[in-house]
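Spelled out from the first residue to the last, the chains are:
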Amino acid sequence: MPHDIDVVLVAPRYLAGPGDPTWVTVPLHRACHWSTAEDPLVPRVILTSPDQLAQLRIAPDPDPAEPWWTLRHAHHGDQRAWSMTFDAHTPVEIIAAVTDALTDPAPPPMTSGDPYAVLHAAGWHAPRHHDGHTSPQGMTAPDGMARVDRTIHEDGRTANWIAETSVHQLPAVWRAYVDGNTPPYLVSALFGALADETPLVREPHRVPHLASTQGRTSSGQVSADTLAFALERRTTSLAQRRTPPPPAAAPSSPNVPKPRRPR
């Protein structure tokens, strides 16, 4: 008989801790047909897209402050090569927002010229201080614990995006680096996931201490089946995405002979 199990809802989501990597890797493999590089002697995961242009690598580093996740895309057509990296404590749901957008068979959504639009809508604001290595036009979450910005070159040109979760006077919880050539719709997907106010579900023993002290947590119960089949439902949903059919062609006019002009 199904039974309920204890869970914790964590908000803001950028404090929820890493979660289960299979939330990203299983749908990529089963729903999006990314191939895996099998090497049981190496503690890493490599997934490659069917067109061989994109690759996701998970290479655990002894230092959790170093990138574990790397998403790369090769140069293709007018799109330059780009990459993203995520530290070990990045919530997998935030990474999944990017990979879901990347693998969506529908055309990328049209985005506004302001990459911060989704953050503005969620109440993010300009930071009160910046370190001189980032642009002063960055955005900070209402609670001050998450921030996005762009690095700047000495000549003033902007370069990579940075997303960071940190608490004052403590080391950063996690960082993501986004290549400046990354398509805008993927940057928007990342920012949207950061600003999403929907709490993330975690098992009680996987809730980071910082989430309990600096975030908002609430205990609850869900059925064991709900938790056990969440990944399967997610994978099935992504597998059911389809490229929208092309617009129907306008019906051709019947071959009606044109009236002759009177002489």
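Our structure is the block above this text.
The structure reproduced in this document is the subject of the present report. As the structure is a computational prediction, the values presented were derived from the model and not from experiment.

1. Here's the deal with the packing of helix α2 (residues 92-103) against helix α4 (residues 184-195)
At step 1: Contact pair α2 / α4: the axes reach a minimum separation of 8 Å and the direction vectors enclose 150°. In terms of orientation, α2 lies roughly antiparallel with respect to α4. Read as a crossing pair, α2 and α4 show a hand that is right-handed. Here I94, A97, V98, A101 and L102 of α2 come into contact with α4, specifically with Y185, L186, A189, L190, A193 and L194.
At step 2: Here the contact of α2 with α4 is composed, by residue class, of eleven nonpolar, no polar and no charged.

2. Description of the environment of V10
At step 1: Looking at the element boundaries, V10 is found in strand β1 (residues 4-11).
At step 2: Linking V10 and V201, residues 191 residues apart in sequence, is a C-alpha distance of 6.4 Å.
At step 3: Setting aside its immediate chain neighbours within four residues, V10 contacts L15, A16, P199, L200, R202, V207, A211, R216 and T217.

3. Details of the packing of aromatic side chains
At step 1: A full pass over the atoms with the stated rule returns four aromatic pairs.
At step 2: Where Y116 meets W161, the ring centres are 5.8 Å apart and the plane angle is 80°; that geometry is what we call edge-to-face. Of the two residues, Y116 sits in the loop between α2 and α3 (117-121) while W161 sits in strand β9 (residues 158-165), which places them 45 residues apart along the sequence. As far as burial versus exposure is concerned, Y116 and W161 are alike and both buried.
At step 3: Members of the aromatic cluster, joined through ring pairs, are Y116, W161 and F191.
At step 4: Stacked on the ring of W161, the Lys or Arg R150 has its end atom at 4.2 Å from the ring centre.

4. Points about the pairing of strand β8 (residues 146-152)
Strand residues, when the strand is regular, have side chains that alternate between the two faces of the sheet.
At step 1: In the sheet, strand β7 (residues 139-140) pairs with β8 via two bridges, with the strands oriented antiparallel. Across the sheet, residue M139 finds its bridge partner in β8, namely V148.
At step 2: Connecting the antiparallel pair β7 and β8 is a turn made up of five residues, with G144 showing a positive phi of about 75°.

5. A word on the pattern of salt bridges
Pairs may arise between side chains of opposite charge once their charged atoms sit close together.
At step 1: Across all of its chains, the model carries six salt bridges by this definition.
At step 2: The partner of E93 in a salt bridge is R202, and the shortest N-O contact between them spans 2.9 Å. Remark: R202 occurs in strand β11 (residues 200-202) and E93 occurs in helix α2; sequence separation between them is 109 residues.
At step 3: R202 sits in the buried class, given a relative accessible area of 6%.
At step 4: Between R147 and D149 there is a salt bridge; the shortest N-O distance is 2.6 Å.

6. A closer look at α4
At step 1: For α4, with twelve residues, the first-to-last C-alpha span of 16 Å sits near the 16 Å given by 1.5 Å per residue.
At step 2: For α4, a buried count of nine out of twelve residues is recorded, marking the element as mostly surrounded by other parts of the structure.
At step 3: For α4, the full list of buried residues reads Y185, L186, V187, A189, L190, F191, A193, L194 and A195.

7. Describing the pairing of strand β3 (residues 45-48)
At step 1: Pairing between strand β2 (residues 35-36) and β3: two bridges, direction antiparallel. By the bridge assignment for β3, S35 is matched with T48.
At step 2: By the bridge criterion, four bridges tie β3 to strand β4 (residues 54-58) in an arrangement that is antiparallel. Bridging from a neighbouring strand, T48 pairs with Q55 of β4.
At step 3: Between β3 and β4, which follow one another and run antiparallel, lie five residues, and Q52 among them has a positive phi close to 65°.

Scoring rules and cut-offs
- Residues numbered from 1 in each chain as written.
- Predicted model: local features only at pLDDT ≥ 70, side-chain atom pairs only at ≥ 80, totals over all residues.
- Heavy atoms only, no water.
- Axes fitted to C-alpha atoms, helices over the stretch in contact; angles between N-to-C directions.
- Helix = DSSP H or I, 4+ residues; strand = E, 2+ residues; numbered from the N terminus.
- Parallel < 35°, antiparallel > 145°, perpendicular 65-115°, else oblique.
- Left-handed = near helix turned anticlockwise from the far one by under 90°.
- Contact = heavy atoms within 4.5 Å.
- Nonpolar A, V, L, I, M, F, W, Y, C, P; charged D, E, K, R; others polar.
- Phe/Tyr/Trp six-rings, centres within 6.5 Å; stacked < 30°, edge-to-face > 60°.
- Buried < 20%, exposed > 50% of the residue type's maximum accessible area, 1.4 Å probe, protein only.
- Lys NZ or Arg CZ within 6 Å of the ring centre and 35° of its normal.
- Pairing = 2+ DSSP bridges.
- Salt bridge = Lys/Arg side-chain N within 4 Å of Asp/Glu carboxyl O.
- Expected span 1.5 Å × (residues − 1).

These values are about where atoms sit, not about what they do.
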